[in-house]
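Inside the fold
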Amino acid sequence: MKIIITVISLIVIMLGYFYFFAGYKSAFEADQQCHYELRLKSVELEGLGCDHDLETNQWILYQEGINAKPSQVIERYRY
């Protein structure tokens, strides 16, 4: 029983580490990556844009909606 609790605890700690420390170190780095991906993917997709979300500390690569439909998030760059 103690082994199972230890293994589960280690898995939770590892997932927490990857979630909190795997993002970009600054908004500038996330911004640069978003705009880089924007240039690469604009060849195959139309209406792409990058936007900064201050509440969630991330840059968002999105595709604008057509005919008043909502935009679709392509990728998120968390910092």
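The structure under discussion appears in the preceding block.
Everything quoted here is computed from the prediction, not taken from an experiment. (Residues numbered from 1 in each chain as written. Predicted model: local features only at pLDDT ≥ 70, side-chain atom pairs only at ≥ 80, totals over all residues. Heavy atoms only, no water.)

**As for the environment of Cys34**
With respect to the secondary-structure elements, Cys34 resides in helix α2 (residues 27-41). Once the C-alpha coordinates of Cys34 and Gly49 are considered, the two residues, 15 residues apart in sequence, prove to be 8.8 Å apart. If we ignore the near neighbours within four places in the chain, the residues touching Cys34 are Cys50, Trp59, Ile60, Leu61 and Tyr77. (Helix = DSSP H or I, 4+ residues; strand = E, 2+ residues; numbered from the N terminus. Contact = heavy atoms within 4.5 Å.)

**Things to note about the packing of aromatic side chains**
Applying the stated criterion across every chain yields a total of one aromatic pair. A ring pair is formed by Tyr24 and Tyr77, whose centres lie 6.3 Å apart and whose planes are at 50°; its orientation type is tilted. Of this pair, Tyr24 sits in the loop between α1 (2-21) and α2 while Tyr77 sits in strand β3 (residues 72-78), and the two are 53 residues apart along the sequence. Its relative accessible area of 1% is what places Tyr77 among the buried residues. (Phe/Tyr/Trp six-rings, centres within 6.5 Å; stacked < 30°, edge-to-face > 60°. Buried < 20%, exposed > 50% of the residue type's maximum accessible area, 1.4 Å probe, protein only.)

**Considering the pattern of salt bridges**
Here the structure, examined in full by the defined rule, presents two salt bridges. For Lys41, the salt bridge is made with Glu37, and the minimal N-O distance between the two is 3.9 Å. You can see Lys41 and its partner Glu37 sitting in helix α2, four residues apart, about one turn around the helix. Accessibility classification places Lys41 together with Glu37 in one group, the buried group. Across the pair Glu75 and Lys41 runs a salt bridge, and its minimum N-O distance is 3.4 Å. Taken together, the residues Glu75 in strand β3 and Lys41 in helix α2 connect sequence positions 34 residues apart. (Salt bridge = Lys/Arg side-chain N within 4 Å of Asp/Glu carboxyl O.)

**Here's the deal with the sheet that holds strand β2 (residues 58-63)**
Ordered in space as β1-β2-β3, the three strands form an open sheet in which the pairing is antiparallel. The open sheet terminates on both sides in strands that have one partner only, identified here as β1 (48-53) and β3. Mean inter-strand twist for the sheet, computed between neighbouring axes without regard to direction, equals 25°. Here β2 runs beside β3; their pairing, made up of six bridges, is antiparallel. Each residue of the ladder has a partner; that of Ile60, found in β3, is Arg76. (Pairing = 2+ DSSP bridges. Axes fitted to C-alpha atoms, helices over the stretch in contact; angles between N-to-C directions.)

**Comments concerning unusual backbone geometry**
The backbone phi angle of Asn57 is positive, close to 50°, even though this residue is not glycine. In this structure Asn57 comes out as partly exposed when scored by relative accessible area, which is 35%. Here Ala68, not a glycine, exhibits a phi torsion of approximately 65°, which is positive. As for its position among the elements, Ala68 is in the loop between β2 and β3.

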